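Here's the letter readout for the chains.
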Amino acid sequence: MDKAPTKHVDEFAKLSWRERICYGAGDLAQNLIFGTIGSMLLFYLTTVFGISAAAGATIFLIVRWINVFWDPWVGTVVDKSHFKHGGKYRPFLIYFGIPLTICCALVFLPIPAVRGNVIYAFVSYLATALIYSFVNIPYGSLNASLTRDNDEVSTLTTVRMTEANIGNLLVYTFLPLFVQLASPAKQLKNIGLFGIKLNLGNYASPHAAGAYFKVMSIYMIIGFIMLLCTYFGVKERVLPTAKETASVKFSDLWNELIDNKPLQILGWFFLIGFTFMFFGNTVWPFFVQYNIGHSEWMASINLIGSIPGIFLVFLWPIIRKKIGKKGFFYLFLILFIVGQLILWVWSFPAFKNSITLGYIGRFIMQWGITAATGYMWSLVPEVISYGEWHSKKRVAGIINSIMGLFFKIGLALGGIIPGYINAFCHFNGNNATQPHSALTGISISMIWIPIILALIAMWIISKYPLSDPEVDKINHEIENTRKANGEN
């Protein structure tokens, strides 16, 4: 971090479109770099890489629980950081973006000598996850450092999530398609979009390892370029003072968890929301491959499902102003549940050959989940401001590490539990068809557990205590105090 500014900085700055887009590029980057792992790794490990479902789930369990203890320490390091050049948070994007890009590609290293090696899978994934924290937490902290203006934060979140969902499009729609195009044993198949037919290979085959590595490597490079856009395109304005930075200690983590009630509520909402989101992300390839039996449709259905997250995001601030932040979450969580039920009906024998049901269910479900889990990020800056107002110390890194902690636990549960359910229900990745018990397990993970968790999330967000007028009052009080103390 540069030294505390001696001249006035407009902490309620109106952001340019260039700055908004450049900030959002960082979220697109993280989806390209790390989202690929969240979407495809369990499928890859248990089919192409050749380890058991139980072993894959155990790797997720250990790595993500290590993250539970790792992330708070990273948050403390970020808050105490003091770089000579580049700002407080931005340098992390470069210094750790390079090794992150390399490690993510190495997770899919197509060398026969390591195929089926549980230790290699564990170590490569662990290294990637630990380095990712040094990119993700500073990036999240940047969100609260650009401006205090609540409307600007709302608009910034809208732009950010539009770009994040473009990343999701590239990951969840085109990544499986590109891997199938690069995989061996190609057959001409109708992908379910305007009668388009493509030569698609078997991406569940051990021989598809090279295809994964090639596609992943390209994604990693593009992702790092996006991180560079964020580094060069944003300006940090809302920063802790030098005194606050020097006083940061690890125990601030516990102080915030104990004293910051909005943080507690939002943290639980993050945990539940991302748990059912990652349930769907993890199980979706299994659901389409085995329960529906049309893996060739996955790209086109995902393409339709990506529309709300890219082209309807502009409605978020409008809907929030009309029905409030809590009403916003209620509405879209209900939409998610409706979409889930349609996908369940799609898996009936009489309907699984109807791509239209897949389109409708995925569109509605994705509209709900992208809005609910995307817009929740707009609440993080106000939780940081509340903590600053309450404790007289701005610890954006620690609070983002706490939110990242809940996010990672949700990520862990969403990846681990489906793996164990698959193992319990006798799923075998070496078999082209699965027994009825395995298909039932996939349906439970894909449909019913996420619906139950969405209902719980609605109850949790009903307890969130901060209204928009309260947030504005808190931010102006903080600014006035800083001015009175000559700190801004």
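Throughout this description, residue numbers start from 1 for each chain and increase along the sequence as written. Per-residue local features of the predicted model are confined to residues with pLDDT of at least 70, and side-chain atom pairs are confined, for both listing and counting, to 80 or more; whole-chain, interface and lining totals are unaffected and use all residues. For the side-chain quantities, the full set of heavy atoms in the structure was used; hydrogens and water were omitted.

Participant: Just give me the short version of the domain arrangement of the chain, but keep the residues and values in it.
Facilitator: You'll often see interface size given as the accessible area lost when the parts meet. Note that domain bounds follow an automatic or database assignment of domains. Partitioning the chain into structural domains gives domain 1 (14-235) and domain 2 (247-477). For domain 1 and domain 2, the distance between their C-alpha centres works out to 17 Å. In this description, contact between two residues means that some pair of their heavy atoms is separated by no more than 4.5 Å. On the side of domain 2, 62 residues touch domain 1, which itself brings 60 residues to the contact. When residues of domain 1 are sorted by the area they lose upon contact with domain 2, R64, R148 and N150 head the list and together hold 12% of the total. The term buried area denotes the loss of accessible surface (1.4 Å probe radius) that occurs when two parts are joined, taken as the sum for both partners.

Participant: Provide a residue-level description of the environment of K326, including the pertinent values.
Facilitator: Secondary structure elements are taken from DSSP: a helix is a run of H or I of four residues or more, a strand is a run of E of two residues or more, and numbering for both begins at the N terminus. Relative to the elements of secondary structure, K326 occurs in helix α12 (residues 315-346). The spacing of K326 and Y464 is 138 residues in sequence and 8.1 Å in space, taken between C-alpha atoms. If sequence neighbours within four positions are ignored, K326 has contacts with I461, S462, K463 and Y464. By the criterion applied in these results, polar contacts are pairs of N or O atoms within 3.5 Å in which, for protein atoms, one can donate a hydrogen and the other can accept it, and in which residues neighboring in sequence qualify only through two side-chain atoms. A distance of 2.9 Å separates the side chain of K326 from the backbone oxygen of S462, its partner in a polar contact.

Participant: Describe the pattern of salt bridges, listing the residues and the values that go with them.
Facilitator: What makes a salt bridge here is a side-chain nitrogen of Lys or Arg within 4 Å of a carboxyl oxygen of Asp or Glu, nothing more. This structure, assessed with the given rule, holds seven salt bridges. A salt bridge links K14 to D149; its shortest N-O distance comes to 3.0 Å. A residue pair is termed long-range when its members are at least 10 positions apart, and K14 in the segment before α1 (17-46) and D149 in the loop between α5 (118-145) and α6 (150-182) qualify at 135 residues. Of the residues examined, D149 reaches a relative accessible area of 12% and is grouped as buried. One salt bridge in this structure joins E382 and K325, with 2.8 Å as the shortest N-O distance. Of this pair, E382 sits in helix α14 (residues 380-391) while K325 sits in helix α12, and the two are 57 residues apart along the sequence. Each of the two residues, E382 as well as K325, counts as buried. Linked through salt bridges whose partners overlap, the residues forming this network are R320, K325, E382 and D468. Here the term buried applies to any residue with accessible area under 20% of the maximum for its type, exposed to any over 50%, and partly exposed to those in between, with areas from a 1.4 Å probe on protein chains only.

Participant: Describe helix α13 (residues 355-375), with residues and values.
Facilitator: An α-helical turn contains 3.6 residues, so any two residues separated by three or four positions project in the same direction. For a helix, the expected span equals 1.5 Å multiplied by the number of residues minus one. Spanning 21 residues, α13 covers 29 Å between terminal C-alpha atoms, matching the ideal 30 Å at 1.5 Å per step. Burial of α13 is extensive: 17 of the 21 residues sit out of reach of the surface.

Participant: Hey, could you go over the packing of aromatic side chains for me, with residue numbers and the actual values?
Facilitator: Only Phe, Tyr and Trp rings are paired, with Trp represented by its six-membered ring, and only when their centres lie within 6.5 Å; those with planes under 30 degrees apart are stacked, over 60 edge-to-face, the remainder tilted. Enumeration according to the criterion identifies 38 aromatic pairs in this entry. Centroid distance F270 to W377: 4.8 Å. Interplanar angle 85°. Geometry classified as edge-to-face. Of this pair, F270 sits in helix α10 (residues 261-292) while W377 is found in the loop between α13 and α14, placing the two residues 107 residues apart along the sequence. Take F270: its relative accessible area is 0%, and that puts it in the buried class.

Participant: Outline helix α17 (residues 468-484), listing residues and values.
Facilitator: For α17, built from 17 residues, the straight-helix expectation of 24 Å at 1.5 Å per residue is met to within 8% by its first-to-last C-alpha distance of 25 Å. If you check which residues of α17 are buried, you get V471, I474, N475, I478, E479 and R482. One face of α17 carries all of its buried residues, which in axial projection span an arc of 130°. Those residues of α17 that are exposed and angled more than 90 degrees off the buried face are P469, K473 and A484. Note that the arc is computed from the directions linking the helix axis to the C-beta atoms.

Participant: Could you give me a rundown of the packing of α14 against helix α15 (residues 396-424), with the residues and numbers involved?
Facilitator: Lines fitted to the C-alpha atoms define the axes, with helices restricted to the stretch that makes contact. Angles between their N-to-C directions range from 0 to 180 degrees. For the pair α14 and α15, the least separation of the axes is 10 Å and the interaxial angle reads 130°. Judged on the interaxial angle alone, α15 and α14 are oblique. The handedness of the crossing between α14 and α15 comes out as right-handed. For the pair α14 and α15, the contacting residues are V380, V383 and I384 in the first and A396, I399, N400 and M403 in the second. Note that the term roughly parallel is reserved for angles under 35 degrees, roughly antiparallel for angles over 145, roughly perpendicular for angles of 65 to 115, and oblique for everything else. Take the far helix as the reference: if the near one is turned anticlockwise from it by less than a right angle, the crossing is left-handed, and if turned clockwise, right-handed.

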